[in-house]
Amino acid sequence: MPSTDPARRAVITGLGAVTPIGNDDPTFWQNAKAGMSGGGPITHFDASDLDVRIAAEVKNFDPATGMDRKMARRMSRFIHFAMAAGKEAVADAGLDFSDWSPEQRDRVAVVVNTGGGGLEQVIDGHVTTMERGPRFVSPFAIPALSGSMAACLLSMEYRLTGPVQTQVAACASSVITFLDALRMIERGEVDVIIGGGTEAPLLKMGFAALSNMGALSKNNDDPEGASRPFDKDRDGFLFGEGGAILVIESAAHALKRGATIHAELVGAALTADAFHISAPEPTGRGAAMAMRKAYMDADLAPEEIGFVVAHGTSTPLNDVTESKAIKTAFGDHAYELAVSSPKSMVGHLLGGAGAVAALCAVGAIRDGVMTPTINYHTPDPECDLDYVPNEAREGTVDAAMVNGFGFGGQNAVAVFKRFEE
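Residues numbered from 1 in each chain as written. Predicted model: local features only at pLDDT ≥ 70, side-chain atom pairs only at ≥ 80, totals over all residues. Heavy atoms only, no water.

It is not clear to me how the nonpolar core should be interpreted in this structure. Could you clarify?
Side chains of a nonpolar character, in soluble globular proteins, are inclined to be buried together. Among the nonpolar cores identified, the biggest contains 51 residues, and Phe28, Ile193, Leu265 and Phe416 are the most heavily contacted of them. Here the element with the most residues in this core is helix H14 (residues 353-367); it accounts for 11 residues. With residues near it in sequence (within four places) discarded, Leu265 still touches Ala10, Val11, Ile12, Phe178, Leu182, Ile248, Ala414, Val415 and Phe416. Of all hydrophobic cores here, the second largest spans 35 residues; its members include Val58, Ala93, Val108 and Leu153. (Core = buried A, V, L, I, M, F, W, Y, C linked by side-chain atoms within 4.5 Å. Buried < 20%, exposed > 50% of the residue type's maximum accessible area, 1.4 Å probe, protein only. Helix = DSSP H or I, 4+ residues; strand = E, 2+ residues; numbered from the N terminus. Contact = heavy atoms within 4.5 Å.)

Pasting the structure below:
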């Protein structure tokens, strides 16, 4: 149950994003409300010999947005995204750490989760070792590939000496950020958390593996229409990259400094399917249990949730299972819910997906606009909920839920609501 003590309540005060439809949060939010697709032909490498030749790439991104160019050359793309989004979130929150005491810095945590980290460093380092020899491998390769380095570099940027943490939980990774942040605030361990998720997985090997698994859309002739969650004709997800960082702080800390509060983080939960390395458990039991536990943790009745930002991958199995799980968790209220998948626009960002979904949940509460599920044309009888098809919808949202379900049966759910003093 959420605390009534403002020192133990977690609120959102800063937002930052790097996505296939915008390299900052305001641009992302405008394009998400407009139903823009980030899909297009793969430009990162020659994909002519692949079955899948489309992706949702981050476009026109300058790594120097978030870090010194020299350091950027040494680090991985997933770190570039986190640094840029993190700096934006800190600025949006109106935080200036320059005059903070060491004791104040001790009470700021950085939690940035990822599914894979700097995988390109592994591939490039192996090629260099085999073709040129071990002496030519970069001494920065290990830090650059480390999944925890995005969080570490953000802490170094602002000399923050509280907890620095990274968890790897596949596509559920960045939703777990919110559970950890909420618990830190509730326990009084910190005053501020800079947290979210980031991923830069668009490597040829990854496309080959996921394509062979049957997970990716092969709609190469229509990349903008390839990601179609909950639509009967969906054929897999659109591989994407990017991430988002949010500033989460205690309500007491935010109010004391006069910060703008976008929403409150009130509940979260984790469960496991314990079923299969990639497929969801067919009944959706584990996912439903995570949703129930999350709204119970938030001390909300199911009827108080108005908007679900779904995992909604556009794969045949996930979308049916998630729809079943929502109906199990919410009962008759499931048919009153607005359910939307941002992956229809940004593709699947794996470890960055949940943090980007949280931007949609927070934006809906703040602005009264629910982002659409685009490319929804042919209803699936097994997916029979209100998926906010094709166009954004205006309406008051007092509480919103974010779902993240990962390979191996990892289920993470977070709940946000309108902040009231």
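Teacher, can you tell me more about helix H9 (residues 204-213) here?
Every α-helical turn comprises 3.6 residues, leaving residues that sit three or four positions apart pointing alike. Those residues of H9 that sit buried are Gly206, Phe207, Leu210 and Ser211. The buried residues of H9 occupy one face: seen down the axis, they fall within an arc of 125 degrees. Of the residues in H9, the exposed ones pointing more than 90 degrees away from the buried face are Met205 and Asn212. Trailing H9 by a residue or two, Gly214 shows a phi angle of about 85 degrees, which is positive. (Arc of directions from axis to C-beta.)

Even after reading the chapter, I still don't get the pairing of strand E14 (residues 410-417), so can you show me in this structure?
Successive residues of a regular strand alternate their side chains across the two faces of the sheet. The element E14 is extensively covered by neighbouring structure, given that six of its eight residues are classed as buried. Hairpin connection from strand E13 (residues 399-406) to E14: three residues lie between these consecutive antiparallel strands, with Gly408 at a positive phi of about 85 degrees. (Pairing = 2+ DSSP bridges.)

In this structure, what is going on with unusual backbone geometry? I would like to understand it.
Negative phi characterises most residues that are not glycine, and trans characterises most peptide bonds. Despite not being glycine, Phe230 has its phi angle at roughly 70 degrees, a positive value. Structurally, Phe230 is set in the loop between H9 and strand E7 (242-250). Despite not being glycine, Leu350 shows a phi value in the positive range, around 50 degrees. The topology assignment puts Leu350 in the loop between helix H13 (343-346) and H14. Relative accessible area serves as the criterion here: at 18%, Leu350 is assigned to the buried category.

Looking at this structure, I do not really get a nonpolar patch on the surface. What am I missing?
Taken together, the side chains of Val122, Ile123, Val127 and Met205 define a hydrophobic patch exposed on the protein surface, amounting to about 320 Å² of accessible area. Ranked by residues supplied to the nonpolar patch, first place goes to helix H5 (residues 119-131) with three residues. Structurally, Val122 is set in helix H5. By relative accessible area, Val122 is classed as partly exposed at 44%. (Patch = residues over 30% accessible without salt bridge, like charges linked within 9 Å, V, L, I, M, F, W, Y side chains within 5 Å. Areas by Shrake-Rupley, 256 points an atom, 1.4 Å probe, with all protein chains shown as cover. Salt bridge = Lys/Arg side-chain N within 4 Å of Asp/Glu carboxyl O.)

Is there a simple way to explain the sheet that holds strand E5 (residues 164-165) in this structure?
Whether parallel or antiparallel, the strands of a sheet pair through hydrogen bonds between backbone atoms. Strand order in the open sheet formed by 10 strands is E5-E4-E6-E7-E1-E8-E14-E13-E9-E10, and the pairing between neighbours is mixed. Sheet topology places E5 and strand E10 (338-340) at the edges, where each strand pairs with a single neighbour. Relative to strand E8 (residues 263-272), helix H11 (residues 285-297) is tilted by about 145 degrees, and along the sheet it contacts E8, E13 and E14. (Axes fitted to C-alpha atoms, helices over the stretch in contact; angles between N-to-C directions.)

Looking at this structure, how should I read the packing of aromatic side chains?
For any pair of aromatic rings, the description rests on two quantities: the centre-to-centre distance and the angle between the ring planes. Counting across every chain of the model gives 10 aromatic pairs. Each ring, one from Phe97 and one from Trp100, has its centre 4.8 Å from the other, and the planes form 75 degrees; the classification is edge-to-face. Ring geometry for Tyr295 and Phe330: centres 5.4 Å apart, planes at 50 degrees, overall tilted. Remark: Phe330 occurs in helix H12 (residues 316-330) and Tyr295 occurs in helix H11; sequence separation between them is 35 residues. The pair Tyr295 / Phe330 is uniform in exposure class, with both members buried. The rings of Phe45, Phe207, Phe237 and Phe239 are connected pair by pair, giving a single aromatic cluster. (Phe/Tyr/Trp six-rings, centres within 6.5 Å; stacked < 30°, edge-to-face > 60°.)

Can you walk me through the environment of Gly94 in this structure?
With respect to the secondary-structure elements, Gly94 resides in the loop between helix H3 (77-92) and helix H4 (102-105). The exposure class of Gly94 is exposed, given its relative accessible area of 52%. The spacing of Gly94 and Met149 is 55 residues in sequence and 24 Å in space, taken between C-alpha atoms.

How should I be thinking about the packing of H3 against helix H7 (residues 149-158) in this particular structure?
Helix-helix packing: each pair is described by the crossing angle between the helix axes and the interaxial distance. The contact between H3 and H7 brings their axes to 9 Å, and the two run at 40 degrees. Accordingly, the angle class assigned to the pair H3 and H7 is oblique. Here the hand of the crossing between H3 and H7 comes out right-handed. Residues Phe78, Ile79, Ala82, Met83, Gly86, Lys87 and Val90 of H3 pack against Met149, Ala150, Leu153, Leu154, Glu157 and Tyr158 of H7. A class-by-class count of the residues in the contact of H3 with H7 yields 10 nonpolar, one polar and two charged. (Parallel < 35°, antiparallel > 145°, perpendicular 65-115°, else oblique. Left-handed = near helix turned anticlockwise from the far one by under 90°. Nonpolar A, V, L, I, M, F, W, Y, C, P; charged D, E, K, R; others polar.)

I'm lost on the pattern of salt bridges in this one. Help?
Evaluation of the coordinates by the stated rule reveals 17 salt bridges. A salt bridge links Arg393 to Asp386, with the shortest nitrogen-to-oxygen separation between them at 2.6 Å. Judged by its relative accessible area of 23%, Asp386 is partly exposed. Linked through salt bridges whose partners overlap, the residues forming this network are Arg183, Glu186 and Asp297.

What is the right way to read the environment of Ile248 from this model?
Note that Ile248 resides in strand E7. Measuring from C-alpha to C-alpha, the distance between Ile248 and Leu182 comes to 8.4 Å, with 66 residues separating the pair along the chain. Ignoring any residue separated from it by four or fewer positions in sequence, one finds Ile248 in contact with Ala10, Val11, Ile12, Phe178, Ala181, Asp191, Val192, Ile193 and Leu265.

Read these as geometric descriptors, not functional statements.
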